[in-house]
Structures are given as structure tokens and as C-alpha cells.
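Below, each chain spelled out in residue letters.
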Amino acid sequence: MGHAGRRGAGLSESVRGAVRKERLLVVKSPLAPCSENCAPECDSPLQNQENHNWLWILYLFCLIFVLEELQARGRSRVDAEIGTLKKEIEELRAKYAPCEKQIAQCQKQLEEIQAQGRAGEDAKKGTLKKEIEELRAKYAPCEKQIAQCQKQLEEIQAQGRAGEDAEKEELRAKYEELQARGRSRVDAEIGTLKKEIEELRAKSVILEKENEELRAKSGTLKNEIELLRVQRHKVDVTLDADTAHPRLQVSEDGKSVTDTGVIRKVPDKDERFDSHTFLLAKEGYRSGRHYWEVDVGKKRNWNLGVAQETVRRKETVALSPKNGFWVIGLADGQEYWALSDPWTRLMVSGRPQKIGIFLDISSKKLSFFSVHQKKLLYTFTSVNHHSRNVKLFPFFSTGSAATSSDTEPLRIAGGFDDDK
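Residues numbered from 1 in each chain as written. Predicted model: local features only at pLDDT ≥ 70, side-chain atom pairs only at ≥ 80, totals over all residues. Heavy atoms only, no water.

Novice: Got a sec to walk through the overall build of the chain? Specific residues and values, please.
Specialist: Along the backbone of the chain there are 4 helices and 13 strands. Residues counted as buried form 35% of the 420 residues belonging to the chain. Long-range contacts, defined as pairs at least 24 residues apart, comprise 70% of the intrachain contacts of the chain with a sequence gap of at least 6. Summed over all atoms, the accessible surface of the chain reaches about 25300 Å², with 52% contributed by carbon and sulfur. (Helix = DSSP H or I, 4+ residues; strand = E, 2+ residues; numbered from the N terminus. Buried < 20%, exposed > 50% of the residue type's maximum accessible area, 1.4 Å probe, protein only. Contact = heavy atoms within 4.5 Å. Areas by Shrake-Rupley, 256 points an atom, 1.4 Å probe, with all protein chains shown as cover.)

Here it is in C-alpha cells:
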């Protein structure tokens, strides 16, 4: 219990003591009711005094109870009102303290009167009655003020509860409204983000396709630039009929060769290939950069590249770099191969009809191009690596001698116009 409660309890104990004393006085006092047949309207001052004391005690306990309940709630507005009411109650108690002292004096005087007898009792009684009436008159405003305070306390409590409930409802409504706004806003933002993501994905797909196209165009441009670069080193190539296999017939201008399919009577020379349908060009190179083009047309079998001057010509020999040949070819109109060690399958789109060949002896590279596609087909990177002083000659073949003859000729291309 708080300080106010303890103070109220102490006060109530003192009041109870006073009430008990008054009851004893009522029993012992000659001023008690005159007889059992006395009328109920008998106006005993001590009895009335006791009734008023109990009424005051009842009000005081009600007030203390309400004060303790309001103090426990801890509301700032109610605390302010309670502080005011406590101050008023303290003032009432201060006003009432002299009354209690006077009542105690009166009781003492009554006891003295009883001890002295009835002499002057009536006079003393009248005086005491008068004093008690004065005390009642003084206390009447206090009772009225206490009733007003209690009424104010009840109103404050009712207002506090109503205000608290209203505030709770208002806060709940605001919270629910904010939640609804937040959800709708978040849903709208999520929808917007999803839409933007889908748009970005679509744009990303488009950009990827454009990048692929640009990469393809970039590759094509690089190939075109590379082809233009190497075409600056074009040389005039003439076929050497003295190196051609007896089945091969070289044109009078030395610019084309055809596989006749029959062994012709030709002079037996050391430089002639007699086991394979091979032939070389008349010009050989020990240094520099050299480019030439060969029109293969629709021929189904062919091999093109370079060969060392020292390659074997009178016996069977395999086309490979270790034997002095750096060659690519088409087999049976289907598969393109680089005759490296081991062979390399070439992925060629379409069917090239003109092959560009670029020999860079200083960098030991031999590159092959599809002229009309402007595309690099393959590059050897260690040409003539171990024989720097050996000449390299343009090499041609119409395919294996074991296959049926293909009358489509191989031609040395004279210009730079692309195939259509």
C-alpha cells in the first residue's frame, strides 16, 4: 500500500479509537436515553455524533480506495487531478484536526462532569451541545466537498477509460490502414519490378542476338581484312608439266590441270611424280610472303598446299608435314581435311569453289581461305621448320589415283573477283 494508504489507515485507526471511546461514554454517561420507552426521535447528541463519525469514516475510506486505484493506473492526466484532490483532502484533514482535538476535550469534560456529579450538568451539556453543533456546522462543508471530490473522481475515471478505448480504436484503425497501404504499395512495386524484369529479359535476349550478329559480322570483317591483307602478296603461279603424273594434263598456258584417267606417254624425268596424281608449280620460294588462288569449282576430290623441293617423287608417299607436305583437301565431295599429324577435320559451311593460299615463310605459316566466304579455313604454324634453305613449291593434286577420274579441272585464278 502507498504512503497515502498508510496515512489513511493510521487515520482510520485513530478515528476508530475515538468511536470506541464515544461508545463507552454513551454507555456510562447519564446522558444516555432516559428509558426503554423513550421515543425514537430522542435527540441524543452523543449518538448523533457517533453516526456522523461513521459517515465521515465511510467517506474517507471510499476516497482512499479511489485514490489508490488511480495511483496504480499511472495516467498523467488522472495523476494531476488526483494531486489536486489529495491537496484538498489534506486541507480538509488539517481543518478537521482541531475538531478532533475539541471533541477529545469535550469528552474529557464530560468525564469530569460525570465524576463531579450532576451539578451544573445541564449548563455544561448545553455548552457541549452548542460546541458540537458548531463542529457539525463546520464539518458540513467538508462533507459536501468530499462528495464533490468523489463525483469528480468517478467522472475522471469514466473519461479516462472512454478516452483510452477511443485512442486504442483510433490507433488500431490507423495501423490497419497503414498495413493495407503498405501491402498494396508493395504489391504494386513488385508488379512493376516483375514487368521491368521481363522487359529486361526480353531486351537481354535481343541484345544477345544482336551481339551474336555483331560477333559474326566482326569475325567476317576480320576475315575480310585478313584476306585483303594477304591478297596484297599475290604472285603469278604457273603449273610445271614436267612434275605432273602421267594421268594429268596441264594446259598450254600452265594455268589448269585435268585428270584424264589414262596413263599418257610423257618423258621420264626425275622431277615427275609417278605414284600419285601430284604436280608442282614452276616457281619455288625460300623467303617472303606469297599468295595465290585456285579455282576448284565443283571438283569432288582435290588437295592443295605447298611441298618441299626435296620430297620423294618415284615411290609411294603419304601427304603429311613430316614428309614435306602441308596440304588441305576434299575427299569424295563430302569431308574437308587438314592433312596434319594427325589429320584435322575441317568444319566448312557450304562448298567453297575458290581457295586462297597464303605462305609466310618468315613466320613459318601457311593459311587457307574460302575466298567467296572470306573465311579462314585452316593455318599450319610450323612450315619448313627444320629445313630453312629448302625451297617450297605450290602443290596440287586431283585426288587419289585409285579413285575414278574427275574431269573437272583445277585452275589457277587470275583475278580477285569472288565466286557468285
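Novice: Report on the pairing of strand β2 (residues 256–259), specifying residues and quantitative values.
Specialist: As paired elements, strand β1 (residues 248–250) and β2 share 3 bridges and run antiparallel to each other. Counterpart to Gln 249 in the pairing with β2 is Thr 258. The turn linking β1 back onto β2 is made up of 5 residues, and Gly 254 within it adopts a positive phi angle of 70°. Across 2 bridges, β2 lies against strand β13 (residues 410–412) in antiparallel orientation. Within the sheet, the bridge partner assigned to Ser 256 lies in β13 and is Arg 411. (Pairing = 2+ DSSP bridges.)

Novice: Lay out the pattern of salt bridges with the relevant residues and their values.
Specialist: Opposite charge on two side chains allows them to pair when their charged atoms are near. Scanning all chains against the criterion turns up 15 salt bridges. Several salt bridges share partner residues, and in doing so they unite Glu 208, Glu 212 and Arg 215 into one network. (Salt bridge = Lys/Arg side-chain N within 4 Å of Asp/Glu carboxyl O.)

Novice: Give me the lowdown on the side chain of Lys 299, citing residues and values where you can.
Specialist: Mapped onto the secondary structure, Lys 299 falls in the loop between β4 (289–295) and β5 (302–308). Judged by relative accessible area, Lys 299 falls into the buried class, the value being 1%.

Novice: Help me get a handle on the packing of aromatic side chains, residues and values and all.
Specialist: In total, this model carries 8 aromatic pairs according to the counting rule given. Arranged with centres 5.9 Å apart and planes meeting at 55°, the rings of Trp 337 and Trp 343 form a pair that is tilted. The exposure class assigned to Trp 337 is partly exposed, which follows from its relative accessible area of 21%. Through pairs of rings, three or more aromatic residues link up here, namely Phe 273, Phe 278, Phe 325 and Phe 395. (Phe/Tyr/Trp six-rings, centres within 6.5 Å; stacked < 30°, edge-to-face > 60°.)

Novice: Describe the sheet that holds strand β6 (residues 325–331), naming the residues involved and giving the relevant values.
Specialist: On the basis of which strands lie adjacent, the open sheet formed by 6 strands has the order β3-β12-β5-β6-β7-β8 and antiparallel pairing. On the outer flanks of this sheet lie β3 (278–280) and β8 (344–346), each paired with one strand and no other. Strand after strand, the sheet turns through a mean of 25° between neighbouring axes, direction not considered. Bridging between β3 and strand β12 (residues 392–397) involves 3 bridges; their strand directions are antiparallel. Among the inter-strand pairings, Leu 279 is bridged to a residue of β12, identified as Phe 396. (Axes fitted to C-alpha atoms, helices over the stretch in contact; angles between N-to-C directions.)

Novice: Requested: an account of the pairing of strand β9 (residues 354–360), with residues and values cited.
Specialist: In summary, the side chains of a regular strand alternate between the two faces of the sheet. Counting buried positions over the 7 residues of β9 gives 7, a clear majority of the element. Burial along β9 is two-sided: Lys 354, Gly 356, Phe 358 and Asp 360 and Ile 355, Ile 357 and Leu 359, pointing in opposite directions, are all buried. Bridge analysis of β4 against β9 gives 7 bridges, and the strand direction is antiparallel. What sits directly across from Arg 289, in β9, is Asp 360.

Novice: Outline the environment of Gln 109, listing residues and values.
Specialist: Mapped onto the elements, Gln 109 comes out in helix α3 (residues 76–116). On the basis of relative accessible area, Gln 109 is assigned to the partly exposed category, the value being 35%. With 15 residues separating them along the chain, Gln 109 and Lys 124 place their C-alpha atoms 8.6 Å apart.

Novice: I'd like a description of the sheet that holds strand β11 (residues 375–380), backed by residues and values.
Specialist: Strand order in this open sheet of 7 strands is β1-β2-β13-β4-β9-β10-β11, and the pairing throughout is antiparallel. The open sheet has two edge strands, β1 and β11, and neither has a second partner. Neighbour-to-neighbour, the strand axes of this sheet turn through a mean angle of 20°, independent of strand direction.

Novice: Quick one: what's the story with unusual backbone geometry, residue by residue and with numbers?
Specialist: Along the chain, Asp 341 connects to Pro 342 via a cis peptide bond; the corresponding omega equals -5°. Mapped onto the elements of the fold, Pro 342 is located in the loop between β7 (335–338) and β8. The phi dihedral of Asp 332 falls on the positive side, at around 55°, and the residue is not glycine. Take Asp 332: it is sitting in the loop between β6 and β7.

Novice: Can you tell me about the environment of Thr 220, naming the residues and giving the values?
Specialist: Mapped onto the elements of the fold, Thr 220 is located in helix α4 (residues 121–231). A relative accessible area of 33% places Thr 220 in the partly exposed class. Separated by 153 residues in the primary sequence, Thr 220 and Gln 373 place their C-alpha atoms 8.5 Å from one another.

Novice: Help me get a handle on the confidence of the model for the chain, residues and values and all.
Specialist: Overall, the prediction assigns the chain a mean pLDDT of 82, with 84% of residues at 70 or greater. Note on residues 7–12: pLDDT under 50 across the span, and 9 contacts to partners over four residues away in sequence or across chains. Here residues 21–42 is a poorly scored stretch, pLDDT under 50, and it has 23 contacts once near neighbours within four places are set aside; other chains count. (pLDDT = per-residue confidence, 0-100.)

Novice: Any details on the environment of Leu 239? Residues and values, ideally.
Specialist: Mapped onto the fold, Leu 239 is located in the loop between α4 and β1. The exposure class of Leu 239 is buried, given its relative accessible area of 3%. Not counting residues within four places of it along the chain, the set of residues in contact with Leu 239 comprises Val 250, Gly 254, Lys 255, Ser 256, Val 257, Leu 279, Leu 280, Ala 281, Lys 282, Phe 396 and Ile 412.

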